[in-house]
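Listed here are the chains, written in short residue letters.
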Amino acid sequence: MLHAAVLGRPIAHSLSPVMHEAAYAALGLGQAWDYGRYDVGESELVDFVAGLDEQWRGLSLTMPLKEAAFEVAAPVEEVAQTVGAINTLVRLADGGWSGHNTDVHGVRAALAAQGIVSCRRALVLGSGATGRSALHALTSLGCHEVTFAVRDQARPDTLAYTSALQLDVRVVSLAAVPAEVGDHDLVVNTLPGSAADAVAARLDRVVAGNDVPLLEVIYENWPTPLARTFAAGGAVVVSGLEMLAHQAAEQVRLMTGHEAPAEVMLDAAWAAVGGRPTLV
């Protein structure tokens, strides 16, 4: 039996086992592969990985391990280096582990699945680290201008990252979002929890008939009022769960060598959270 697992803290909420096991079943690998879940903190990662035998082939990493993984990964792919985060470790023939970031792929593939294959100007709600992979993915779609809508000030580390990506940047307040939406090709919500609810309340009339799509990085307690508002206006809405499924599919490919069925994995994830919601 070959093994893979997701590591992090907290980890009980992770949907990775559901999605990876659905992929194994669809690919006929259910008798040869299993996928677990382990509570592992930053200071424990090096020892945990060192204790794995040759039957272990891949590890998915969630918070707070995406930076700590640089201690155990060599080589590290270029995307992971640029983003500064590793979310996937793959066993090498020599017993070492290569480091990858599949979050960027997840964003790009989730957008492409909804017909969004280009973007020149993006409006990003929030400026935290959550959106870093989304920003990297947007540059591959041709994005060259980003407007951050924030409560107070944009985070310096995020601004530095956009500079490294050679993006032209503006910063506005969240209150300015209604006036900004129509001037952008895509809106990306990276705000945690209910932080964007107040923005949604101001947008009811603005987005009616507006075809600017919305990408939400979050997937818990979804759909959000913001997602419903955009959908009611006729816009394409992409959930964080779609991103999660596509990045997990890329993990399966890297770990097993088989092309993974992303839609099967997404269906399994929706079933695990109570079913695919109707937005309008």
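Residues numbered from 1 in each chain as written. Predicted model: local features only at pLDDT ≥ 70, side-chain atom pairs only at ≥ 80, totals over all residues. Heavy atoms only, no water.

1. Structural notes on helix α4 (residues 103-113)
- Restricting attention to buried positions, one finds in α4 the residues Asp103, Val104, Gly106, Val107, Ala109, Ala110 and Leu111.
- Buried-residue contacts for α4 involve α3 (78-83), α5 (132-140), β9 (186-189), β10 (214-216), β11 (237-238) and α10 (240-256).
- Phi for Gly115, located one or two positions after α4, is positive at around 85 degrees. (Buried < 20%, exposed > 50% of the residue type's maximum accessible area, 1.4 Å probe, protein only. Helix = DSSP H or I, 4+ residues; strand = E, 2+ residues; numbered from the N terminus. Contact = heavy atoms within 4.5 Å.)

2. Looking at the side chain of Ser98
- With respect to the helices, strands and loops of the structure, Ser98 is situated in strand β5 (residues 97-100).
- The exposure class assigned to Ser98 is buried, which follows from its relative accessible area of 7%.
- In terms of polar contacts, Ser98 uses its side chain to reach the side chain of His100, at 2.8 Å.
- Excluding anything up to four places from it in sequence, Ser98 contacts Ala73, Ala74, Pro75, Thr88, Leu89, Val90 and Leu92. (Polar contact = N/O pair within 3.5 Å; in protein donor to acceptor, adjacent residues only side chain to side chain.)

3. Describing the sheet that holds strand β6 (residues 121-125)
- Strand order in the open sheet formed by six strands is β8-β7-β6-β9-β10-β11, and the pairing between neighbours is parallel. Two strands lie at the open edges of the sheet, namely β8 (168-173) and β11, each paired on one side alone.
- Sheet topology note: the β9/β10 ladder contains three bridges and is parallel. Its bridge partner being in β10, Val188 is matched across the sheet by Leu215.
- In the packing of helix α9 (residues 225-232) onto the sheet, the strands contacted are β6, β9, β10 and β11, and the crossing angle to β10 comes to about 160 degrees. (Pairing = 2+ DSSP bridges. Axes fitted to C-alpha atoms, helices over the stretch in contact; angles between N-to-C directions.)

4. Thoughts on the packing of aromatic side chains
- What the rule picks out here adds up to four aromatic pairs.
- For the ring pair Tyr38 and Phe48, a centre distance of 5.4 Å and an interplane angle of 55 degrees mean the geometry is tilted. Here Tyr38, found in strand β2 (residues 33-39), pairs with Phe48, found in helix α2 (residues 45-50); they are 10 residues apart in sequence, far enough to count as distant.
- For Tyr38, a relative accessible area of 34% puts it in the partly exposed group.
- What makes Phe48 partly exposed here is its relative accessible area of 21%. (Phe/Tyr/Trp six-rings, centres within 6.5 Å; stacked < 30°, edge-to-face > 60°.)

5. Some thoughts on the side chain of Glu180
- Tracing the backbone shows Glu180 in helix α7 (residues 177-180).
- When its relative accessible area of 10% is taken as the criterion, Glu180 is described as buried.
- Setting aside anything within four residues of it in sequence, one finds Glu180 in contact with Leu123, Thr147, Arg170 and Val172.

6. Structural notes on the UniProt feature "domain: SDH C-terminal" (unreviewed entry) in the protein
- The positions UniProt marks with the feature "domain: SDH C-terminal" (unreviewed entry) are residues 240-269.
- With 83% helix and 0% strand, residues 240-269 has end C-alpha atoms that lie 11 Å from one another. (UniProt positions renumbered as here; feature names shortened; annotations may be inferred.)

7. Structural notes on the nonpolar core
- In terms of nonpolar packing, the biggest core is built from 37 residues, with Leu125, Val177, Leu226 and Phe230 touching the most fellow members.
- When contributions to this core are tallied by element, the ones reaching two or more residues are α1 (16-27), β6, α8 (197-203), α9, α10 and α11 (262-272).
- Considering every element that reaches this core, the biggest residue donor is α10, with six residues.
- With sequence-adjacent residues up to four places away left out, Leu226 is seen in contact with Leu125, Asn189, Ala196, Val199, Ala200, Leu203, Leu214 and Glu216.
- Counting residues in hydrophobic clusters, the runner-up holds 28 residues, among them Leu138, Val146, Leu167 and Val217. (Core = buried A, V, L, I, M, F, W, Y, C linked by side-chain atoms within 4.5 Å.)

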